[in-house]
Amino acid sequence: MSCDALMPLAQPLLEMCRSMGHWALGIGNWALGIVILLLLLCSFAPLLLCPFAPLPHLPHSPHSPNSMPTNTWNRHHILSLADFTTTEYDTVLQTAASFQEVLSRRTKKVPTLQGQVVANLFFESSTRTRSSFELAAKRLSADTLNFAAASSSMTKGETILDTAKTYLAMGTDIMVVRHREAGVPNAIAAEMDRLGVRVSILNAGDGQHEHPSQALLDLFTICTLINPASPRLELLKGKKIAIVGDILHSRVARSNIWSLIASGAEVHLAAPPTLLPKLFAEYISQESGVGSQELLPHSPTPQLFLHWQLEPALQNADFVMTLRLQKERMTAHLLPSLREYHQLFGITRTKLQFCKPNVKVLHPGPVNRGVEISSELMDDPEFSLIQSQVSSGVAVRMALLYLLGSGKAYS
Ligand code: MLT
């Protein structure tokens, strides 16, 4: 058969192949389009879901919040550590560890709280706590509002609750509150709950009551020193921790007592009797709601000791927390002289000889150099953790804002 004779037969076949080719090309283009769309969606979905996506830019490290049960965080306000659970402590520690990692990167910001408003309502002066909360909020991409009582409408007679409601009306999601009177953050939280609004209150220090974020950053500083890869509450079990100084007026000491006792550490308080009344032990037992025999809420054995001399508290201590003499809260003359106080209770390198050889010293700041701690010890990196406390503070406060802010998504 000649080629010409085959042509009529081949023609329809060729036509069919051509249209199949177009069809296949069409399908190919569609498939390519769908693949590109899927890839784009995968890359941008976390951003679209913000602010509720759990830390989309964090790596999947063992303690990354991506792998953490953040939806088990049920606390709506952080006002005190007295009823914090072991799980809550560990959640804060592990979340802070992830943020510590974020803060070590070149780009130290995540979009987690994008669109949320964090208001710093500081009715009392502060350097590090306020700056630390502000930076933490900014690192989480929240919008921040700063308030200072002295330059606010409170000077015209506005009340604390009306001030808080003003910030609420502006769409504030988290209020970080500091006040010289104990109970103010609780009062604002109660009012917000009464109004049925979803704003969270975070206590940044109220009078002589509590300073939860400071105690949590102290805990994080110590735990990361012991195990940087996995800071957990149980790392402090059996450690001896001395808290020395003006315990009577210290909200830092009160919050630290709860967290350290919950960890299973042995807590030794040391101060002159005027700054550490015997009744202090009763206060702790009352606050925890248990009898004085079982002094401690989270432990079956008593772990809290009061000393009116320094040496027994320092003996074999693993960590020493020094506290500022809070002269602004002293209503009576409680000390013979600052010089004598430093001689008896001031922490110096010489006095650290009573402690374990690798003892570390903490101080919440601000420091009265040469009073509660010697200037040279404060600056000695072999013993002093003061600078790491400040750095850890940002990561811990990011964790607290994140847990309160993202917790809203789960309810
Ligand atoms: C506080 O606000 O309580 C500080 O962090 C400690 C102090 O003022 O001495």
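Rules used throughout
Residues numbered from 1 in each chain as written. Predicted model: local features only at pLDDT ≥ 70, side-chain atom pairs only at ≥ 80, totals over all residues. Helix = DSSP H or I, 4+ residues; strand = E, 2+ residues; numbered from the N terminus. Buried ≥ 20, exposed ≤ 12 C-beta atoms within 10 Å, placed from the backbone. Contact = placed C-beta atoms within 7 Å. pLDDT = per-residue confidence, 0-100. Core = buried A, V, L, I, M, F, W, Y, C linked by C-beta atoms within 7 Å. Domains from an automatic or database assignment. Pairing = 2+ DSSP bridges. Axes fitted to C-alpha atoms, helices over the stretch in contact; angles between N-to-C directions.

Within the protein chain one finds twelve helices and nine strands. The buried share of the protein chain, taken over its 411 residues, is 41%. Partitioning the contacts of the protein chain with sequence separation of at least 6, the portion at a separation of at least 24 is 81%.

Glancing now at the confidence of the model for the protein chain. Where the model shows low pLDDT, its predicted coordinates should not be examined in detail. Residues with a pLDDT of 70 or more make up 77% of the protein chain, whose mean pLDDT is 84. Considering only residues more than four positions removed or in separate chains, one finds that residues 42-70, a stretch of pLDDT under 50, has 49 contacts.

The next subject is the nonpolar core. Core analysis: the biggest nonpolar cluster contains 100 residues, and Met175, Ala242, Ile243, Val244, Val320, Ala399 and Leu401 have the highest contact counts within it. The element that contributes the greatest number of residues to this core is helix 12 (residues 386-407), accounting for eleven residues. Residues from two domains meet in this core; each of domain 1 (65-211 + 392-410) and domain 2 (213-389) gives at least three. Beyond its immediate chain neighbours, meaning those up to four positions away, Met175 contacts Ala119, Leu121, Ala164, Tyr167, Ile188, Val199 and Ile201.

Our focus in this paragraph is the sheet that holds strand 5 (residues 240-244). Sheet architecture is open: five strands sit in the order 7-6-5-8-9, paired in parallel fashion. The outermost strands of the open sheet, each flanked by one partner alone, are strand 7 (304-307) and strand 9 (360-362). For this sheet the average axis-to-axis angle between neighbouring strands, irrespective of direction, equals 20°. Note: strand 5 against strand 6 (residues 266-270), five bridges, orientation parallel. Opposite Val244, over in strand 6, you have Ala270 as the bridge partner.

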